[in-house]
Amino acid sequence: MTALQYALLAALLLGTVSGLLGSFVVVRRMALTGDMLSHAVLPGIVAGLAWNESRNPLIVLISAVIAGVLGSLTMNGLLRFTKLKPDAALALVLSVFFAIGIAMISRLQPAGVLAFLYGQVAAIDRRDLVLLLAVTLVCVVLIPLAFRQLCLVSFDAAFARLLGFPVRFFEIAFFLLLTIVIVISMQAVGVVLVTAMLVTPAAAARFCTHSLPKTAAIACGMGALGGVAGVWISSLGNNLPTGPLMALATTVLFLGAGLLGPRRGWIPSMLRRKRESRRIAGEDVLKTLWLHEELPGLVRPLIPNERLLKKLTASGWIERTTTGVHLTSSGHDQATKLVRTHRLWERYLTEYAAYKADHVHDEAERAEHWIDEKRLAELTAKLGDPSWDPHGKPIPSLRKEASS
Amino acid sequence: MSTPALETHDLSVSYRGKPVLHGVDIEIPYGSLTGIMGPNGAGKSTLLKAIMDVVQPDNGWVKLLNKPLKEVLGRIGYVPQRESVDWDFPVTVFDVALMGTYAGLGWFGRPGKHHRARAMEALEQTGMVDLAKRQIGELSGGQQPRTFLARALAQDAEIYLMDEPFAGVDAATERTIVHLLGRMRDAGKTVIVVHHDLQTAARYFDRLLLLNMRVVAHGLTTEVFLPEILEKTYGGKLTLLSEIAARAHQGEGGQK
């Protein structure tokens, strides 16, 4: 394999495994713990590199994990025996362990440590790749198999314990796995950017779906794609650093998801809002025409919006003749329902919510667009099908089969 | 007297050096519906957490179904307080109900048809079938506790611990919950509910546990729902008790 193929494969595996673990990190709100771990493992990495002539990656990994465990034990101790809040305890452990690591680097000057500090995909050799492959395989096989259980423990640990799941064991296993993945990612992207590879793909996936399995799957895909894209882009020019480009490529995917994500993305949300406001504007036109029929001259004139009128005509709710705009029979039914809803809601507010009659119009103006048929029927029954609104205007009845 | 479903003896709990519960003795019989009442800071939620072994007591013990918790896992159900749930978590209403059936599933087991049917049936009983596919953050205040009640029903446990299921719900939901709690009790379940509203307490529960850092009264509603006992429960915190206990705790080498 060429160096580039090595690097691409490493990025693919790294992206997948950090996306997968990262989705749990994000829903469990552990992003800062990830950051703490990536700094806390440094003394272990330095020790592993300095006292291990052959630079065996497994030994580096083990000593790094030991440092990570020490870091979180320290943090738990701080939380338990002092009044420090989690964020302060986290920052404290992160900086102290990192300081120790840097001091050890100056003293011991081990070869290969720069790759862990700044990230260097090119430094990943065959042995590293085998280790990475093994870790990825374990995660990709075990996590989906126990996915529902992991979801339960992450969502409601107290309940999981009552059901008999060994929650503590899970917490420890997850923590160790997370530390391992962090140490391995560090070689590619460096200390600081590990968190980006863990959190960004999962955060992006949350724009796209409300299901945890899909979040995890999308996060894997995004992590892999971002990693590979970063490596590929950095191979195109001189002096293009791989780690930062992997993080940046993943961030571009995040921005894309933020814009286009079907669940919470900006554009779909905006389109939904637009659609609703068009619907409301249309309903307001129908209602205005209806009120005009009820009391000609008393209603403010329509401000015609050509697009809206065309749409309403196409829907068969209004027709335009030489004398102006008129409701069709189905448009009339639709408008009757709106006026009925409006006036019933005014009744409801005065009778049940202690509103004064002169305070209810604006409320009803908003509410009338959001009360569906089922709620309308409930409202009618609750109020005993009244005939008059609080202002003395008649509440129109619906024609039989009006809504067909 | 036959053995109680839930028994605590001399249970004392403190949070970070602050004593919250003192020497709580309770015996709750099988097939009863008990309300835990008391002012803010009385230790109601803490008592549930101590029973569930989420917080370590300083002193005393808990027995559920005449055994320590460890031996009856899976037979105890729990409905969390609204504030302690992450409503942003990517799960649907159905997912939550299905979680009730996970007892005995092991690490790699998968819920089968029969588990799903149980979850669906529980959603039917709580009137949540139409919302089964909703993410839980999209629910209204009344639908949220129904979801967790469905999980409890799907679990089919023997003892249920519920932390303020009535908090912030509409009248219709309140009726549904009361009805379901009654049915659970009639089916022989032991239901223990932290409750806030004095107005409804006497109507909803057979038994009351009046708590204010220690047990003020405990027994049949008709016997303990009396003005002088309520006065004692709600008549302010026992400042002296908590102050002295906190000092003693710190003096004995607890943290500040």
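Just so we're clear, the structure is a prediction, and the values are computed from it rather than from any experiment.

Peer 1: Looking at this model, I keep getting lost on the nonpolar core. Mind explaining?
Peer 2: As a rule of thumb, nonpolar side chains are buried together in soluble globular proteins. In terms of nonpolar packing, the biggest core is built from 158 residues, with Leu21, Ile45 and Val183 of chain A together with Ala97 of chain B touching the most fellow members. Of the residues forming this core, the biggest block, 12 residues, is contributed by helix H1 (residues 3-27) of chain A. Leu21 of chain A has contacts with Cys139, Leu177, Leu178, Val181 and Leu198 of chain A, leaving out every residue within four places of it along the chain. Counting 10 residues, the second-largest nonpolar core is a separate cluster that includes Leu286, Trp317, Ile318 and Val339 of chain A.

Peer 1: Got a minute to help me understand helix H8 (residues 147-155) of chain A in this structure?
Peer 2: Since the α-helix packs 3.6 residues into each turn, any two residues three or four apart lie on the same face. Burial of H8 of chain A is extensive: eight of the nine residues sit out of reach of the surface. Those residues of H8 of chain A lying buried are Arg148, Gln149, Leu150, Cys151, Leu152, Val153, Ser154 and Phe155 of chain A. Looking at the buried residues of H8 of chain A, the elements they touch are H1, helix H7 (126-145), helix H9 (157-162), helix H10 (167-189) and helix H12 (212-234) of chain A together with helix H2 (93-99) of chain B.

Peer 1: So what exactly am I meant to see when it comes to the domain arrangement of chain A here?
Peer 2: Interfaces are frequently sized by the accessible area removed from exposure as the parts join. In terms of domains, chain A is made up of domain 1 (3-264) and domain 2 (272-383). Computed over C-alpha atoms, the centres of domain 1 of chain A and domain 2 of chain A are 55 Å apart.

Peer 1: Hey, could you run me through unusual backbone geometry in this one?
Peer 2: Working note: non-glycine residues mostly have negative phi, and peptide bonds are mostly trans. Residue and element names in this part refer to chain B. Phi at Asp156 is positive, roughly 55°, even though this residue is not glycine. Following the sequence through the fold, Asp156 ends up in the loop between helix H4 (143-155) and strand E6 (159-163). Its identity as a non-glycine residue notwithstanding, Glu164 has a phi of 55°, on the positive side. Looking at Glu164, the number of C-beta atoms within 10 Å reads 22, which means it is buried.

Peer 1: Just to check I follow, could you spell out the confidence of the model for chain B for this structure?
Peer 2: Regions with low pLDDT carry predicted coordinates that are not meant to be interpreted in detail. Residue and element names in this part refer to chain B. Summing up the model confidence of chain B, the mean pLDDT is 88 and the portion of residues at 70 or higher is 92%. In the model of chain B, helix H9 (residues 239-251) stands out as the element of lowest mean pLDDT, 66, in contrast to H2, which has the highest, 96. Scoring of the predicted complex yields 0.84 for pTM and 0.89 for ipTM.

Peer 1: Any chance you could explain the sheet that holds strand E4 (residues 59-64) of chain B here in plain terms?
Peer 2: The pairing of strands in a sheet comes from backbone hydrogen bonds and takes either a parallel or an antiparallel form. Residue and element names in this part refer to chain B. Pairing is antiparallel across the open sheet formed by three strands, whose spatial order is E2-E1-E4. The sheet terminates laterally at strand E2 (18-28) and E4, the two strands that pair on one side only. Taken over all neighbouring pairs, the strand axes of this sheet differ in orientation by 25° on average, direction set aside. Pairing of strand E1 (residues 6-15) with E2, which is carried by seven bridges, proceeds in the antiparallel orientation. The partner of Leu11 across the bridge, within E2, is Val24.

Peer 1: Would you explain the sheet that holds strand E8 (residues 207-211) of chain B in this entry?
Peer 2: Residue and element names in this part refer to chain B. Sheet architecture is open: six strands sit in the order E5-E6-E7-E3-E8-E9, paired in mixed fashion. Single-partner strands in this sheet number two, and they are strand E5 (76-79) and strand E9 (215-220). Neighbour-to-neighbour, the strand axes of the sheet open up by a mean angle of 15°, direction not taken into account. Contacting strand E3 (33-37), E6, strand E7 (190-194) and E8, helix H1 (residues 44-51) crosses the sheet at an angle of about 145° to E6.

Peer 1: I'm lost on the packing of helix H11 (residues 194-206) of chain A against H12 of chain A in this one. Help?
Peer 2: For any two helices packed against each other, the geometry is given by the interaxial angle and the distance between the axes. All names here are of chain A. As a packed pair, H11 and H12 sit with axes 8 Å apart at the nearest point and diverge in direction by 125°. By the criterion of interaxial angle, the relationship of H11 to H12 is oblique. For the crossing formed where H11 meets H12, the hand is right-handed. Residues Met197, Pro201, Ala202, Ala204, Ala205 and Arg206 of H11 touch H12, and the partners they reach there are Thr215, Ile218, Ala219, Met222, Gly223 and Gly226. When its residues are assigned to classes, the contact of H11 with H12 shows eight nonpolar, three polar and one charged.

Criteria and cut-off values
Sequence order as written defines the numbering, with residues in each chain counted from 1. Here the convention is simple: chains get letters from A, ligands get numbers from 1, in the order in which they are written. Whole-chain, interface and lining totals are the exception, using all residues; otherwise, since this is a predicted model, local features are given only for residues with pLDDT of at least 70 and side-chain atom pairs are given and counted only at 80 or more. A set of buried Ala, Val, Leu, Ile, Met, Phe, Trp, Tyr and Cys residues, joined through C-beta atoms within 7 Å, is what we mean by a nonpolar core. Residues are called buried when their C-beta atom has 20 or more other C-beta atoms within 10 Å, exposed when it has 12 or fewer, and partly exposed otherwise; all C-beta atoms are positioned from the backbone. Comment: elements are numbered from the N terminus, with helices defined as DSSP H or I runs of at least four residues and strands as E runs of at least two. Residues are scored as being in contact if the C-beta atoms we place from backbone atoms lie within 7 Å. Where a domain begins and ends is set by an automatic assignment or by a domain database. For every residue, the pLDDT score states the predictor's confidence, bounded by 0 at the bottom and 100 at the top. A pair of strands is considered paired only if DSSP assigns at least 2 bridges between the two. Only the stretch in contact is used when fitting a helix axis, every axis being a line fitted to C-alpha atoms; angles between N-to-C directions are given from 0 to 180 degrees. Between 65 and 115 degrees an angle is taken as roughly perpendicular, under 35 as roughly parallel, over 145 as roughly antiparallel, and anywhere else as oblique. It is the rotation of the near helix from the far one that decides the hand of a crossing: anticlockwise by less than a right angle makes it left-handed, clockwise makes it right-handed. By the convention adopted, Pro, Cys, Tyr, Trp, Phe, Met, Ile, Leu, Val and Ala count as nonpolar, Lys, Arg, Asp and Glu as charged, and the other residues, Gly among them, as polar.

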